Amino acid sequence: MPTISIILPAKNEAEGLRRTLPALRARFPDAELLVVDDGSTDDTAAVAAGAGARVLSSPYSMGNGAAIKRGARAASGEVLVFMDADGQHAAEHVPALLARLDDGYDMVVGARSREGQANLQRGLANAFYNRLASWMTGHHIADLTSGFRAVRADKFKEFLHLLPNGFSYPTTCTMAFFRSAYPVAYVPIPVAKRVGNGSHIRPFKDGIRFLLIIFKIASLYSPLKLFAPTAAAFFLAGMGWYAWTFHESARFTNMSMLLISAAVIVFLIGLVSEQITNLTYRRDG
């Protein structure tokens, strides 16, 4: 039986920890409980320590992804279980994830249903991410952004340098596992209403962030799947404009040249990005 470390990143989640930690200790008495206090201003650290968890405190907030990385580095278990500290994830669902690991998977993700999404906007955003990532990888991805997952520690630690400090660590982690041919499974789980403060994530509040996540998904897996269609669109637009101007005035215009040149440039950038991606996931030995 592999040793287990359960890691909970927490920022002002004292109320959620009061519910979650006793349940985890009762069900997994031998597991290592790690609470990464991400610069909380409430009594998160005191509640976690009082429940018998090992607490890693940060003097200021570094982000959810940074807390995950700190917890993974400090964990001693052969299997890492990541859970939210806000009461949404229950200890009773952890065994289902661990059971799938025993089936030969390297990462098992707790997939939320539509009813488990915080709101309609979050649900629509996550549905789009899931479809995009499924197309990129060629595998069905039921929940790209779920923070409830069990992974083999040695595999997960290979990608710590890729993980961002912000909230998109699940996206990066999932795409990295698929890119490296590590098997990933999904287990449907119910999600409870969060305890305490509202969610820190606002998927549609910042359009630039939304676009960055899309490009991150593409660049993490296969950049050409994004750049090649974009280049084709520019090329077809250039040829279409040339056909129209040739029909109207028998001319090849600067706009046609600009669009066709853009197609070539975008395609070449895609090729370079693909090579960089291959180098990123290359492992010696």
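Details of the structure are given in the entry above.
Values in this document were obtained by computation on a predicted structure and should not be read as measured data.

Undergrad: Looking at this structure, I do not really get the packing of aromatic side chains. What am I missing?
TA: The way to describe two aromatic rings as a pair is by their centre distance and the angle between their planes. All told, the structure shown has eight aromatic pairs when counted by the stated rule. Look at F177 and Y182: their rings are 5.6 Å apart centre to centre, the planes differ by 65°, and that puts the pair in the edge-to-face class. Just as F177 is buried, Y182 falls in that class too. An aromatic cluster of at least three residues, connected via ring pairs, comprises F82, F156 and Y169. One residue, K155, lies across the ring of Y182, its end atom 5.5 Å from the ring centre. Taking the ring centre of W135 as reference, the NZ or CZ of K225 above it sits at 5.9 Å.

Undergrad: Help me out: how do you make sense of a nonpolar patch on the surface in this one?
TA: A grouping of W241, W244, M255 and L258 is seen on the molecular surface, where their side chains present a nonpolar patch of about 440 Å² in accessible area. Elements that contribute at least two residues to the nonpolar patch include exactly helix 9 (224-249) and helix 10 (254-280). Inspection of the secondary structure puts W241 in helix 9.

Undergrad: Looking at this structure, how should I read the sheet that holds strand 3 (residues 54-58)?
TA: Backbone hydrogen bonds are what pair the strands of a sheet, in a parallel or an antiparallel way. Strand order in the open sheet formed by seven strands is 3-2-1-4-6-5-7, and the pairing between neighbours is mixed. Where the open sheet ends on each side, the last strands, each with one partner, are strand 3 and strand 7 (184-189). Adjacent strand axes in the sheet meet at a mean angle of 20° when their direction is disregarded. As paired elements, strand 5 (residues 107-112) and strand 6 (residues 149-152) share three bridges and run antiparallel to each other. If you follow M107 over to strand 6, its bridge partner there is V151. Along the sheet, helix 3 (residues 64-74) makes contact with strand 1 (4-10), strand 2 (32-38), strand 3 and strand 4 (79-82), crossing strand 2 at roughly 145°. Where helix 4 (residues 94-101) meets the sheet, it contacts strand 1, strand 4, strand 5, strand 6 and strand 7, and its direction lies at approximately 35° from that of strand 6.

The rules we used
- Note on numbering: residues in each chain are counted from 1, in written sequence order.
- pLDDT decides what is reported in this predicted model: residues at 70 or higher carry local features, side-chain atom pairs at 80 or more are listed and counted, and totals for whole chains, interfaces and linings draw on all residues regardless.
- Only hydrogens and water are set aside when side-chain values are computed; all heavy atoms of the structure are taken into account.
- Stacked, tilted and edge-to-face are the three classes assigned to paired rings of Phe, Tyr and Trp, where Trp is represented by its six-membered ring and a pair needs centres within 6.5 Å; plane angles under 30 degrees give stacked, over 60 edge-to-face, the rest tilted.
- Think of it in three bands: with a 1.4 Å probe and only protein chains considered, a residue is buried below 20% of the maximum accessible area for its type, exposed above 50%, and partly exposed in between.
- Whether a charge lies above a ring is judged from NZ of Lys or CZ of Arg, which has to be within 6 Å of the ring centre and within 35 degrees of the ring normal.
- Residues enter patches when their relative accessible area tops 30% and they take part in no salt bridge; the joining distance is 9 Å for like charges and 5 Å for the nonpolar side chains Val, Leu, Ile, Met, Phe, Trp and Tyr.
- Per-residue accessibility takes into account occlusion by the displayed protein chains alone, with areas from the Shrake-Rupley method and a 1.4 Å probe.
- Basic side-chain nitrogens of Lys or Arg form a salt bridge, by our definition, when they fall within 4 Å of a carboxyl oxygen of Asp or Glu.
- Helix and strand labels come from DSSP, where a helix needs a run of H or I of at least four residues and a strand needs a run of E of at least two; each type is numbered from the N terminus.
- Two strands form a pair only when DSSP identifies at least two bridges running between them.
- Interaxial angle, 0 to 180 degrees, is taken between N-to-C directions of lines fitted to C-alpha atoms, where a helix line uses only the stretch in contact.
- Contacts are assigned to residue pairs that have any heavy atoms within 4.5 Å of one another.

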